[in-house]
Amino acid sequence: AKSLRKATVKLSIDPALAEEGYTLDSTSDKEEILLAGGSVKGVWWGLQTLEQLLVAATENPAQMRIPALRIEDAPRFAYRGAHLDCGRHFFTTDEVKTYIDIISAHKINTFHWHLTEDQGWRIEIKKYPELTRIGSQRPETYVGHLYAHTGKYDGTPHGGYYTQDEIRDIVAYAAERQITIIPEIEMPGHAVAALASYPWLGCRGEGYEVWTSWGVNKDIFCVGKETTFEFLQNVLDEVCDLFPGEYIHIGGDEAPRDSWKTCPHCQKRMKELGLEKEAQLQSYLVARIEKYLNAKGRKIIGWDEILEGGVTPTATVMSWRGAEGGIAAAKQGNDAIMVPYQYLYLDYSQTRDQAVYGEPLAIDSGLTLEKCYSFDPFAGLNEEERAHIKGVQANLWTEYIADFGHVQHMLLPRLSAAAEIAWSSEKTDIDTLRRRIRDFMLPLYKARGYR
Ligand code: ACM
Ligand code: ZN
């Protein structure tokens, strides 16, 4: 407990540490703070801790001081994710970079970038220019709650997309902050913007428009036609060129199979394959796309619906409709990532009674900080099954979130609770978590100008 007038921070790599682990030591007699990481990643996460300590110590940088301490730290999960839906609403490259800064400060190492939706296709694909010329724009947007049916259309066009150069820039920006980006290209559902761009991708083959409302749309990719696979594979070729990470997310959620039931192409495909249920046709799509991506050295992640018609043992399941999908996946030997909406959907409002606390319109309410932190990713699993839980993730869908200030309002401080579940093996009580957020995270948010 002595104070240093001036200190040098010495960074080093110590291969004896866990890859993402670090030690931070300010107890030296010399005027130096030692930060060692198991890799560059570990050093980076240690720097995030150091920044928290410094900012918390004082809001006047001239007087920054940190106590004499030694921290030995390493993450619980290898996968610590945060997701942003840029399909429902478009966010600029600068906003996406700020999102990356925010999640990196929480030692999140994976950004799940939701790039294609019914309401907008946001990634430039050179081979298919209509995807962005047509699919990235909508003439107006439904404003109001999806289930209340009292909303109105705003009459204001909304659109935007990321050029391939912008995507490369964002991927590099994320990598510098030790974050891997997992792009999501949704199939077979949430694809209306693609169908509006190239109507032959749908079973009906005509009459699609970029959606201006919310919910689950019945128009999905036709899996009977070979041309759909050519399209998806060509898109994925460009996606793989842009994103160097191991995983590609192929969606798979909320895909009503109604159009497949009456489509001659889809029915012919089912007959040829000897399939009885349309759910198996989705499994065929997923397995075929997985094989294609595996041949390119990549792995797939899909939402838990991909379990329904049977799934290959090598697909990773992202469990959103509760933890059940992740538990089922782990029990049958598949890897899983836990994102149960009850705990980790940060588009739900932060208070129990949204109206009383004046929170903006949200899909649902009551996802308090405490509720978020109460999630146990290992509940209901034995030791062997637990090894298949690769991590947890917080999701942020943007039907009701049109600007980046609102994104931050939803994200903070609950991301701290999600990040704590992802990083720390030790569970503390909610009051301790609240105190840590108050003492260490709020000063950081303030210093960086986050909302
Ligand atoms: C989802 O929330 N539909 C994955
Ligand atoms: Zn079809």
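Residues numbered from 1 in each chain as written. Chains lettered and ligands numbered in written order. Predicted model: local features only at pLDDT ≥ 70, side-chain atom pairs only at ≥ 80, totals over all residues. Heavy atoms only, no water.

(A) Molecular detail of the pattern of salt bridges. Inspection of the entire model under this criterion finds 30 salt bridges. As a salt-bridge pair, Arg70 and Asp25 come within 3.2 Å of each other at their nearest N and O atoms. On the criterion of sequence distance, the pair formed by Arg70 in strand E4 (residues 70–73) and Asp25 in strand E2 (residues 22–25) is long-range, its members being 45 residues apart. Residue Asp169 pairs with Lys97 through a salt bridge whose shortest N-O separation is 2.7 Å. Separated by 72 residues along the polypeptide, Asp169 in helix H4 (residues 164–176) and Lys97 in helix H2 (residues 93–105) bring together distant segments of the chain. On the basis of relative accessibility, which here comes to 38%, the residue Asp169 falls in the partly exposed class. What emerges from the salt-bridge pattern is a single network uniting Arg257, Asp304, Glu305, Glu308 and Arg321. (Salt bridge = Lys/Arg side-chain N within 4 Å of Asp/Glu carboxyl O. Helix = DSSP H or I, 4+ residues; strand = E, 2+ residues; numbered from the N terminus. Buried < 20%, exposed > 50% of the residue type's maximum accessible area, 1.4 Å probe, protein only.)

(B) Region of interest: the pairing of strand E5 (residues 79–85). Along E5, 7 of the 7 residues are buried, which leaves the element largely enclosed by surrounding structure. Burial along E5 is two-sided: Tyr79, Gly81, His83 and Asp85 facing one way and Arg80, Ala82 and Leu84 facing the other are all buried. In this structure, E5 lies alongside strand E6 (residues 110–114), joined through 5 bridges in parallel fashion. Following the sheet pairing, Leu84 is matched in E6 by Trp113. Between E5 and its parallel partner E6, the chain crosses via H2, and the hand of that crossover is right-handed. (Pairing = 2+ DSSP bridges. Right-handed = clockwise from strand over helix to strand, strands pointing away.)

(C) Representation of helix H6 (residues 226–242) within the structure. For H6, which comprises 17 residues, the first-to-last C-alpha distance of 25 Å matches the rise-based estimate of 24 Å (1.5 Å per residue) to within 8%. Every buried residue of H6 is listed here: Thr228, Phe229, Phe231, Leu232, Gln233, Val235, Leu236, Glu238, Val239, Cys240 and Leu242. (Expected span 1.5 Å × (residues − 1).)

(D) Geometry of the coordination of the zinc ion (ligand 2). Here the zinc ion (ligand 2) is held by the protein donor atoms Cys203 (SG), Cys222 (SG), Cys263 (SG) and Cys266 (SG), which lie 2.3 Å from it. Geometry at the zinc ion (ligand 2) is tetrahedral, judged from the 4 donor atoms that bind it and their angles of 105 to 114 degrees at the metal. Judged by its relative accessible area of 0%, Cys266 is buried. (Donors = N, O, S within 2.8 Å, 3.2 Å for Na, K, Ca; no water. Tetrahedral: all angles 85-135°; square planar, octahedral: opposite > 155°, others 65-115°.)

(E) Region of the structure containing unusual backbone geometry. Backbone torsion omega between Met187 and Pro188 reads -5 degrees, so that peptide bond is classified as cis. Put simply, Leu412 and Pro413 share a cis peptide bond, and its omega is 5 degrees. Relative to the assigned elements, Pro413 resides in the loop between helix H15 (404–411) and helix H16 (414–423). Its identity as a non-glycine residue notwithstanding, Lys107 has a phi of 60 degrees, on the positive side. In this structure, Lys107 sits in the loop between H2 and E6. Although it is not a glycine, His190 sits at a positive phi angle of roughly 50 degrees. Here His190 lies in the loop between strand E13 (180–184) and helix H5 (192–197). A relative accessible area of 2% places His190 in the buried class.

(F) Quick peek at the packing of aromatic side chains. Counted under the stated rule, the structure contains 24 aromatic pairs. Ring geometry for Tyr128 against Tyr198: centres 5.5 Å apart, planes inclined by 75 degrees, an arrangement best described as edge-to-face. Highlighted residues: Tyr128 in the loop between strand E8 (120–121) and helix H3 (130–133) and Tyr198 in the loop between H5 and H6, separated in sequence by 70 residues. Residue Tyr128 is classed as buried on the basis of its relative accessible area, which comes to 9%. Given the relative accessible area of 11%, Tyr198 is considered buried. With a centroid separation of 6.1 Å and an interplanar angle of 40 degrees, the aromatic rings of Tyr341 and Tyr348 are classed as tilted. Relative accessible area serves as the criterion here: at 30%, Tyr341 is assigned to the partly exposed category. Taken together, Phe90, Tyr99, Phe111, Trp113, Tyr162 and Phe243 form an aromatic cluster joined through their ring pairs. Lying across the ring of Tyr373, Lys427 places its NZ or CZ 3.9 Å from the centre. (Phe/Tyr/Trp six-rings, centres within 6.5 Å; stacked < 30°, edge-to-face > 60°. Lys NZ or Arg CZ within 6 Å of the ring centre and 35° of its normal.)

(G) How the structure looks around the packing of helix H8 (residues 264–273) against helix H9 (residues 278–295). Contact geometry of H8 with H9 gives a least axis separation of 10 Å together with a crossing angle of 80 degrees. On the basis of their axis angle, the class for H8 and H9 is roughly perpendicular. Counted together, Cys266, Gln267, Arg269, Met270 and Leu273 of H8 and Glu278, Leu281, Tyr284 and Arg288 of H9 form the full contact between these two elements. Each residue belonging to the contact of H8 with H9 can be placed in one class, and the counts come to 5 nonpolar, 1 polar and 3 charged. (Axes fitted to C-alpha atoms, helices over the stretch in contact; angles between N-to-C directions. Parallel < 35°, antiparallel > 145°, perpendicular 65-115°, else oblique. Contact = heavy atoms within 4.5 Å. Nonpolar A, V, L, I, M, F, W, Y, C, P; charged D, E, K, R; others polar.)

(H) Quick look at the nonpolar core. Core analysis: the biggest nonpolar cluster contains 128 residues, and Phe111, Trp113, Trp121, Ile123, Tyr162, Phe231 and Phe243 have the highest contact counts within it. When residues of this core are assigned to their parent elements, the largest contribution, 8 residues, is made by H6. Setting aside chain neighbours within four positions, we find Phe111 in contact with Ala82, Leu84, Val96, Tyr99, Ile100, Ile103, Ile179, Thr180, Ile181 and Ile182. By size, the runner-up hydrophobic cluster in this structure holds 11 residues, among which are Ile33, Leu50, Ile66 and Leu69. (Core = buried A, V, L, I, M, F, W, Y, C linked by side-chain atoms within 4.5 Å.)

(I) Layout of the side chain of His158. Turning to its location among the elements, His158 is positioned in strand E12 (residues 158–159). In this structure His158 comes out as buried when scored by relative accessible area, which is 17%. Only 3.0 Å separates the side chain of His158 from the backbone nitrogen of Phe90, close enough to count as a polar contact. Leave out the neighbours within four places in its chain, and His158 touches Arg88, His89, Phe90, Arg122, Ser136, Gln137, Arg138 and Thr141. (Polar contact = N/O pair within 3.5 Å; in protein donor to acceptor, adjacent residues only side chain to side chain.)

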